[in-house]
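For reference, the chains in residue letters:
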Amino acid sequence: KGMDYLEKDEETERYKLGMQVFALSRAMEETFSIIKIAMPYMQELANITNERVYLAIPHEGEVVYLEATYPAESVNLMRSILGERAEMHCTGIGKAMLANLSEEEISAYLQKKLTVYTDHTDPVQLKAELEATRQRGYAIDDMEHEFGVKCVAMPIFDKTHKLYAAISVSGLAVHFTDRQIQEWALLIKKYVAKIENRLS
């Protein structure tokens, strides 16, 4: 009630669904819409790169994962990740989103105490890393969240060029040479364009 999920009709003294419910259902509809649009492209990406592909949205300064696809021969690894969360500063998908928030949102995030997961996590360098991410158009997780795992990620924008989500290719660090990262970034860019073209 205090969160506007219910509203009381003063005349009948009965409760009805509040605007918050409709806002929530709209948000859920949009979330499942991007999953439906992105999934076929994510599967293609997973098959081409032979790595895992993740889709996530930003929510209250965190990454919320919506879906993952796996290479055709790795279907035994498949599991649902819907609703799993991670911090933005130490994941490629998070940095891809964080770098494209407003200056105010970025400043507020940088003032938080950031968790260090591995010796590759460097909160002091984060501002410079976000600037580099914006310049090149994609983010890199250089074993900052989990040792031995790297990823390349890119933001997804809606028709008004507002940040909508992000997508990443993730796998064993040994597969992610500098050259391979650049090649996959170009590939991800093509698939992001396909997804963005289908967003309403």
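To be clear, the structure that these remarks concern was listed above.
Residues numbered from 1 in each chain as written. Predicted model: local features only at pLDDT ≥ 70, side-chain atom pairs only at ≥ 80, totals over all residues. Heavy atoms only, no water.

Novice: So what about the nonpolar core? Which residues, and what values?
Specialist: For soluble globular proteins, nonpolar side chains are generally found buried alongside one another. Of all hydrophobic cores here, the largest spans 32 residues; its most connected members are I34, L45, L55, I156, I167 and I188. Those elements that place two or more of their residues in this core are α1 (19–49), β3 (52–59), β4 (62–69), β7 (149–157), β8 (163–172) and α5 (178–198). Among all residues touching I156, those that are not within four sequence positions of it are I34, L55, K162, L163, Y164, A165, A166, I167, V192, I195, E196 and L199. With 24 residues, the next largest nonpolar core counts A86, M88, Y109 and L114 among its residues. (Core = buried A, V, L, I, M, F, W, Y, C linked by side-chain atoms within 4.5 Å. Buried < 20%, exposed > 50% of the residue type's maximum accessible area, 1.4 Å probe, protein only. Helix = DSSP H or I, 4+ residues; strand = E, 2+ residues; numbered from the N terminus. Contact = heavy atoms within 4.5 Å.)

Novice: Got a sec to walk through the pairing of β3? Specific residues and values, please.
Specialist: Within a regular strand, the side chains alternate between the two sheet faces. In terms of strand pairing, β3 meets β8 through 5 bridges, oriented antiparallel. Paired with Y54 across the strands is S168, a residue of β8. With 7 bridges joining them, β3 and β4 adopt antiparallel strand pairing. Considered in β4, the bridge of H59 is made with E62. Here β3 folds back onto β4 in antiparallel fashion, the turn holding 2 residues, of which E60 has a positive phi close to 50°. (Pairing = 2+ DSSP bridges.)

Novice: Outline the sheet that holds strand β5 (residues 85–87), supporting the account with residue identities and numerical values.
Specialist: The strand order across the open sheet formed by 6 strands is β5-β4-β3-β8-β7-β6, and the pairing between neighbours is antiparallel. Among the strands making up the open sheet, the edge pair consists of β5 and β6 (139–142). Here the average twist between neighbouring strands, direction ignored, is 30°. Bridge count between β7 and β8: 9 bridges; the pairing is antiparallel. By the bridge assignment, V149 is partnered in β8 with L172. Across the sheet, α5 touches β6, β7 and β8, and the angle it forms with β7 is around 30°. (Axes fitted to C-alpha atoms, helices over the stretch in contact; angles between N-to-C directions.)

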